[in-house]
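Chain by chain, the residues run as shown.
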Amino acid sequence: MKILVCMKQVPQKDAPLKLNESATWVREDVGYEINEPDAYALEAALQLKEKNGGEVVAISAGPARAQTVLREALAKGADRAIHLEDDKFVTLDAFNIARAMAAAIKDEAFDLVLTGLQSDDYGYAQTGVLLAELLGWAHATIIMQVEAKDGGIRVKRELESGYFQHVEMPLPAVLTIQSGIGKLRYATLIGIKQAKNKPLRKVSYDEVAASLRPNQLTIEKLYVPKKTKQTEVIQGTPSEVAKKLVAKLRDELRVI
Amino acid sequence: MAETILVVVEQREGKLNRVSLETLVGAQALAKQNGWQVEAVLLGSAAQLDEPAKEIAAAAVAKVTKLESDALAAYTPDGFVAALKAFLAVSEPKLVLLPHTYQIRDFAPKLAASLGSVLVSDSTGARFENGKLLFTRQMFQGKFSADVSLAGDGPHFASFQAGSYRADSLEAGSAPVETVAAAVGEIRTKPEAPFQEAKAAVDLTQAEIIISVGRGIKEQKNIPLAQALADALGGEIAASRPICDAGWLPMERQVGSSGQTVSPKLYLALGISGAIQHIVGMKGSKHIIAINKDAEAPIFEVADVAVVGNLFDIVPALTEEVKKARG
């Protein structure tokens, strides 16, 4: 099975984010990490390869810094990587990112494309489904399990309220992977060493520009969410805080 | 002629998914602002659509369409997209609104893309401002809100997160119900029947007190800290998604959009940042106390009581104090 894993670099979870001057994006001077759901997509791909053989290719669109994510994927066991490298990719909407990726892989014959179920920055949860539409492939989202079956695959989808569903589909296909599909592996020292020599193909903005359209979605303004609730702040040493909370629980909420 | 806002109403096994009503309320509000009209469409087999269509027809909408086919009895993205695409070509709405359910997430981006449009997913509100339609949505895991707009002639698509509008403010009316035979082409995926895993042993929805842990608990070996507090208070322990993903607590103790939706008397959030997927599962709690070291954590936006501090210092002190108070 030849598997492509879409991976995004996002600001670290606890990074102190600040808005840029036009309040349309965050300032870039923060630490970055792999979008966690994409790490699970990579894990799912590596497990499929271990079981069925084949190749795992990681792809990312973003500035030079995004290469860190691809090197990490290579260190964990991906065979090669594709980097759509340009600052401009950061501001593309999900439809255009999907167009750019589809253009970058047009000469490859993948059986399966995996993405995380959503990104921690935009949170659109769309890139995988859009890729499927552009490639003309079947797809399924929020996947908890993947197994090869009769030349196709059988997947377990998570539904709401604790329900699940199995779905069979032919290949090629696109799946968005739910976090928790497997235990995330660490890169080994040997893996990190080998990653340096694994192939990484760079794709420039110009190479895919013909496939792109003007962004339809524009972020007019980013802002700190307006508070809808009166919040009482309790301060003090741990024991003072504990006493104040207990007084509240006993006298106001009457749960003690 | 007035433009149309079409709401895609979701039904499951013949039962209306009630979050659809919230989306209808959002559509009614927008329509009122601009003199547009609201229509609704439901997809499924004939037997599945009768009851939910009747319920929607009792709302103030211009028309309810049942898009019927036996091939739509089980949800598939191919079937739903083909049927809706053909329907949209005829009904020509300016705006298509959908509830942000797992099913909608699965097919709405594909539907929009098949028409060359973009979906604003996971919105929490929409309004016209100076003639421009703006959608509000959360970004960066709830740390920021964004106002976003869509270019082009449409149809424009947006999905609304649960809780964006209040279903009980749905305006009543009486609408005609039309039946349209759905055009469904080739369906590539073969869905099996939905199932539940071993029945959840814990029903968090019945708990009066919930002590919930998030990433801030750091390691599995710290879970007993929270458990001790839960025991002292006589409450249930719960968690946000990442904790259950990591296997530190069983999935059945997960609160949020993919877990249980709870409304206890007291919800004590320990080290939970407050991503929207978690908030939708607990914001109905009567009283929310949040302890988090990050003063900017979105959980504080829904908290009644905020404690900015280190949970590893505060929780043991609180457990001791609760024990003392109980004698």
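About the cut-offs
- Residues numbered from 1 in each chain as written.
- Chains lettered and ligands numbered in written order.
- Predicted model: local features only at pLDDT ≥ 70, side-chain atom pairs only at ≥ 80, totals over all residues.
- Heavy atoms only, no water.
- Helix = DSSP H or I, 4+ residues; strand = E, 2+ residues; numbered from the N terminus.
- Contact = heavy atoms within 4.5 Å.
- Polar contact = N/O pair within 3.5 Å; in protein donor to acceptor, adjacent residues only side chain to side chain.
- Buried < 20%, exposed > 50% of the residue type's maximum accessible area, 1.4 Å probe, protein only.
- Pairing = 2+ DSSP bridges.
- Domains from an automatic or database assignment.
- Buried area = accessible area lost by both parts, 1.4 Å probe.
- Salt bridge = Lys/Arg side-chain N within 4 Å of Asp/Glu carboxyl O.
- Nonpolar A, V, L, I, M, F, W, Y, C, P; charged D, E, K, R; others polar.
- 1 Å grid on protein atoms, 1.4 Å probe; cavity = no way out; pocket = protein on both sides within 12 Å on 5 of 7 lines; lining within 4 Å.
- Points joined across faces, edges and corners; volume = space filled by probe spheres on them.

Q: So what's going on with the environment of B:Gln48? Which residues, and what values?
A: All names here are of chain B. Note on placement: glutamine 48 falls in helix H2 (residues 46-57). Considering only alpha carbons, one finds glutamine 48 and phenylalanine 144, 96 residues apart in sequence, at a separation of 40 Å. Beyond its immediate stretch of four places on either side in the chain, glutamine 48 contacts Gln11, Glu13, Gly14, Leu72 and Ala73. Separated by 3.0 Å, the side chain of glutamine 48 and the backbone oxygen of alanine 73 make a polar contact.

Q: Give a detailed account of the pairing of strand S1 (residues 2-6) of chain A, specifying residues and quantitative values.
A: Residues and elements named next belong to chain A. Along S1, five of the five residues are buried, which leaves the element largely enclosed by surrounding structure. Of the two faces of S1, both are covered, the one formed by Lys2, Leu4 and Cys6 as well as the one formed by Ile3 and Val5. Pairing geometry for S1 and strand S4 (residues 55-62), over five bridges, is parallel. Each residue of the ladder has a partner; that of isoleucine 3, found in S4, is valine 56. Here four bridges tie S1 to strand S6 (residues 112-116), and the two strands are oriented parallel to one another. Residue pairing in the sheet places isoleucine 3 in a bridge with leucine 112 of S6.

Q: Provide a residue-level description of the domain arrangement of chain B, including the pertinent values.
A: All names here are of chain B. Each assigned domain of chain B is listed here: domain 1 (4-196) and domain 2 (204-325). Distance from the C-alpha centre of domain 1 to the C-alpha centre of domain 2: 33 Å. Each partner contributes to the interface: domain 1 provides 10 residues, whereas domain 2 provides nine residues. Of the roughly 740 Å² buried between domain 1 and domain 2 on both sides combined, carbon and sulfur atoms contribute 51%. Counting the contacts that link domain 1 with domain 2 gives zero salt bridges.

Q: Describe the interface of chain B and chain A, with residues and values.
A: Counting residues at the interface gives 76 residues for chain B and 82 residues for chain A. Summed over the three residues of chain B that lose the most area to chain A, namely B:Tyr102, B:Phe140 and B:Phe144, the buried surface amounts to 10% of that side. Where chain B packs against chain A, one counts six salt bridges. Of the charged contacts in the structure, one is a salt bridge between B:Glu192 and A:Arg154, with a shortest N-O distance of 2.9 Å. A breakdown of the residues in the side of chain B that touches chain A according to their chemical character gives 37 nonpolar, 18 polar and 21 charged. Relative to strand S9 (residues 144-150) of chain B, strand S12 (residues 217-223) of chain A runs antiparallel, the two being bridged by six bridges. Across the sheet, residue A:Lys221 finds its bridge partner in S9(B), namely B:Asp147.

Q: Requested: an account of empty space enclosed by the protein, with residues and values cited.
A: Any empty space left between the atoms is revealed when a probe the size of a water molecule rolls over them. Counted by the stated rule, this structure contains six cavities of 30 Å³ or more. Volume-wise, the largest cavity comes out at about 520 Å³. Lining the largest cavity are 38 residues; nearest its centre among them are A:Lys8, A:Ile97, A:Ser119, A:Asp121 and A:Thr127. Elements with a contribution of two residues or more to the lining of the largest cavity: strand S2 (9-11), S4, helix H3 (94-104), S6 and helix H4 (127-135) of chain A. Tallied by class, the residues present in the lining of the largest cavity amount to 20 nonpolar, 12 polar and six charged. A:Gly123, B:Gln138, B:Gln141, B:Ile276 and B:Gln277 are the residues nearest the centre of the second largest cavity, which is lined by 15 residues in total. Looking at the lining of the second largest cavity, the elements with two or more residues in it are strand S8 (132-139) and helix H7 (276-282) of chain B.

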